[in-house]
Amino acid sequence: MRTAELEEVRRAAEGDDSALASLLQRHYSFVYKYLVKVTMDPNLAEEIVQDTMVRCMENIRRYDGTSAFSSWMITIGTRIYIDRTRRKKREQSWIDLIRHQGIRRFRWQLESRNEEWTDVMDAMTRLTPEHRITVLLKHYYGYSYDEIGDMLGIPAGTAKSRTAYGLRQLRKELE
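Residues numbered from 1 in each chain as written. Predicted model: local features only at pLDDT ≥ 70, side-chain atom pairs only at ≥ 80, totals over all residues. Heavy atoms only, no water.

Per an unreviewed UniProt entry, the protein goes by the name RNA polymerase sigma factor SigY and belongs to Paenibacillus amylolyticus. UniProt lists a comment for the protein under the heading Sequence similarities (unreviewed entry), and it reads "Belongs to the sigma-70 factor family. ECF subfamily." (UniProt positions renumbered as here; feature names shortened; annotations may be inferred.)

Encoded structure:
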């Protein structure tokens with residue numbers, strides 16, 4: 001089997017599309033099942049396995065045969081997942097920094113106009129946007145849960161639960 005697979009890889013590297021398709025089809029399920037276990041998210045695993053297949057097609061000439069072809073493929077998939085995770089962490093830290101700067105700027109603007117930055121405002125900055133929006137729409141602007149649900153494209157019950165959760169978080173912050 002190993003010799004036949006190496007021959008198929010050689011043909012794929014030389015441009016034989018049917019050999020490449022055969023290799024990728026044979027190992028697709030294995031790589032997908034592995035990535036589902038790694039990511040714990042079938043949708044993300046599907047995205048990564050697609051990226052893995054593309055990367056394998058682009059780099060088939062780099063496969064040197066020192067490991068099983070499936071091992072080479074899951075190595076590529078693992079690296080793609082790790083890269084995505086790192087990129088997401090970096091993006092999140094930038095988003096957090098920008099958000100923090102925006103809050104500081106907003107607070108400065110209020111205080112420069114002699115308006116008060118209250119403990120409630122401070123606590124509101126620590127709510128997720130989903131919770132902050134529903135709390136504001138319900139308790140500051142007076143919309144009903146049905147109206148909030150329509151505005152946000154969510155069920156009224158979801159609007160109500162987000163508002164309740166947001167209020168609980170605010171109470172905790174203010175204690």
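Moving on, there is more to tell.
Colleague: Any details on the domain arrangement of the protein? Residues and values, ideally.
Modeller: Annotation of the protein at the domain level lists domain 1 (1–95) and domain 2 (118–174). Taking the mean C-alpha position of each, domain 1 and domain 2 sit 43 Å from one another. (Domains from an automatic or database assignment.)

Colleague: Hey, could you go over the packing of aromatic side chains for me, with residue numbers and the actual values?
Modeller: Overall, the coordinates contain four aromatic pairs when judged by the stated rule. Geometrically, the ring pair formed by Tyr63 and Phe69 is edge-to-face, given 5.2 Å between the ring centres and 85° between the ring planes. Residue classification places Phe69 among the buried residues on the basis of a relative accessible area of 0%. One aromatic cluster is present, built from ring pairs that chain together Tyr63, Phe69 and Trp72. Above the ring of Tyr145, the side-chain terminus of Lys138 is found at 4.5 Å from the ring centroid. (Phe/Tyr/Trp six-rings, centres within 6.5 Å; stacked < 30°, edge-to-face > 60°. Buried < 20%, exposed > 50% of the residue type's maximum accessible area, 1.4 Å probe, protein only. Lys NZ or Arg CZ within 6 Å of the ring centre and 35° of its normal.)

Colleague: Break down the packing of helix α6 (residues 129–140) against helix α7 (residues 145–152) for me, citing the residues and quoting the values.
Modeller: Running from N to C, α6 and α7 cross one another at 135°; their axes reach a closest spacing of 10 Å. The orientation of α6 with respect to α7, classified from their angle, is oblique. As α6 runs across α7, the sense of the crossing is right-handed. Residue-level inspection shows Ile133, Thr134, Leu137 and Lys138 of α6 in contact with α7, the latter providing Tyr145, Ile148, Met151 and Leu152. Residues of the contact of α6 with α7, tallied by class, amount to six nonpolar, one polar and one charged. (Axes fitted to C-alpha atoms, helices over the stretch in contact; angles between N-to-C directions. Helix = DSSP H or I, 4+ residues; strand = E, 2+ residues; numbered from the N terminus. Parallel < 35°, antiparallel > 145°, perpendicular 65-115°, else oblique. Left-handed = near helix turned anticlockwise from the far one by under 90°. Contact = heavy atoms within 4.5 Å. Nonpolar A, V, L, I, M, F, W, Y, C, P; charged D, E, K, R; others polar.)

Colleague: Would you mind going over the UniProt feature "domain: RNA polymerase sigma-70 region" (unreviewed entry) in the protein in detail, with residue names and values included?
Modeller: Within this numbering scheme, the UniProt entry marks residues 23–90 and 123–172 as carrying the feature "domain: RNA polymerase sigma-70 region" (unreviewed entry). With 84% helix and 0% strand, the stretch residues 23–90 has end C-alpha atoms that lie 35 Å from each other.

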